[in-house]
Amino acid sequence: MAQLGVNVDKTGASILAKDVAWLSARWARVVAAPDHVMDQLAFVRALTQHGIKVLLCFDQDAYRTFGDPAESYTWRQAASWGKAVYRGLIHALEPTNEPDGEGHESSAEPIECVNGKIQVHRETWGADITLVGVGSVSGQASYYENVRTDLLDALSIHPYAQWTPESLNEMLDRHAALGLPLWVTEVGLDAEDERQAEFLTWTLETIKQRSDVQMCTWFCAHHYGLWGMVRADGSWRSTAEAFRRVAESGEPEPTVTVKAIDVSSHQPKNLTNIIAQH
């Protein structure tokens, strides 16, 4: 059974770690924020102190902080910075986000860049991190034919626009046939409360029942228009209670194996210097 979690904003500006814990989320997916690293570190540390595992994602904007996102030098800078700053705090890493670009044309990347980022993060972290990828959004399992899946611990996918349990299961089946565990790192719907809560309930119940999906992070928990669980005034939408009900219905087996960490002992050395150097 899949462990459930949520996508959250980069620094916890519109949702606190204790609120994520109230949702009974076991995972939080956070996009790396090199330009707001101190605020993000405080948020990530708070999440882990509430017993929530953290998946860190590098999107194109995160890479741009270090240079041209199409250049290998940039990937290496980002990877070395990520390990120096987040080692001991994050439980898994996603080196790309929606590189197949469906629906987000600006995020489309050449396959050489996708594989280069996977390889650089694997070389940088070694076996110290659970590496998942690539956050594909096209729904096409064939996309992975040219991806360095041999360097990944799991496939991460974004099964948007699946309007029935049957179509969702069919899409997941196609990706599961590739032979790696599945992580659904984004799925969601921008809709009014009742429709969104209904969609969330059957989607997460369908995913949670599958033995080949290890985790799923709903998009999203923070305030983000009609996508989020939080309104502009900070109050919960009904989707939040729906998520909590599904998350607490039965206890999923601990199917996700990640490196054990001691959060209390994490203290990046010379963090100011690390940030300045990158």
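Residues numbered from 1 in each chain as written. Predicted model: local features only at pLDDT ≥ 70, side-chain atom pairs only at ≥ 80, totals over all residues. Heavy atoms only, no water.

The geometry of an aromatic ring pair comes down to the distance between the two centres and the angle between the two planes. What the rule picks out here adds up to 13 aromatic pairs. Ring geometry for F66 versus W81: centroids 5.5 Å apart, planes at 55°, classification tilted. Of this pair, F66 sits in the loop between α3 (60-64) and α4 (72-86) while W81 sits in helix α4; the two residues are 15 residues apart in sequence, bridging distant segments of the chain. An identical accessibility class is assigned to F66 and W81; each is buried. Between W81 and Y86, the aromatic rings sit 5.5 Å apart at their centres with planes inclined by 75°, giving edge-to-face as the arrangement. Each member of the pair W81 and Y86 is classed as buried. Seen from the ring of Y63, K117 lies directly overhead, with NZ or CZ sitting 4.1 Å from the centre. (Phe/Tyr/Trp six-rings, centres within 6.5 Å; stacked < 30°, edge-to-face > 60°. Helix = DSSP H or I, 4+ residues; strand = E, 2+ residues; numbered from the N terminus. Buried < 20%, exposed > 50% of the residue type's maximum accessible area, 1.4 Å probe, protein only. Lys NZ or Arg CZ within 6 Å of the ring centre and 35° of its normal.)

This part is about the nonpolar core. Ranked by size, the top nonpolar core spans 72 residues in total, and within it V6 and F243 carry the most contacts. Every residue in contact with V6, bar those within four places of it in the chain, is listed here: V20, L23, A25, W27, A28, R29, T217, W218, A221, M229 and F243. Counting residues in each nonpolar core, the second largest holds 7 residues, with W27, L55, A92 and V132 among its members. (Core = buried A, V, L, I, M, F, W, Y, C linked by side-chain atoms within 4.5 Å. Contact = heavy atoms within 4.5 Å.)

Of all the 5 residues making up strand β2 (residues 27-31), 5 are buried; the element is thus mostly covered by neighbouring parts of the structure. The two faces of β2 match: W27, R29 and V31 on one face and A28 and V30 on the other face are all buried. With 3 bridges connecting them, strand β1 (residues 3-7) and β2 associate as parallel partners. Following the sheet pairing, V6 is matched in β2 by A28. Between the parallel elements β1 and β2, the chain passes through helix α1 (residues 17-22) in a crossover that is right-handed. Here β2 pairs with strand β3 (residues 53-57) via 5 bridges, running parallel. When the bridges of β3 are listed, R29 appears paired with L55. As for the winding sense of the linkage, the β-α-β connection from β2 through helix α2 (residues 37-49) to β3 is right-handed. (Pairing = 2+ DSSP bridges. Right-handed = clockwise from strand over helix to strand, strands pointing away.)

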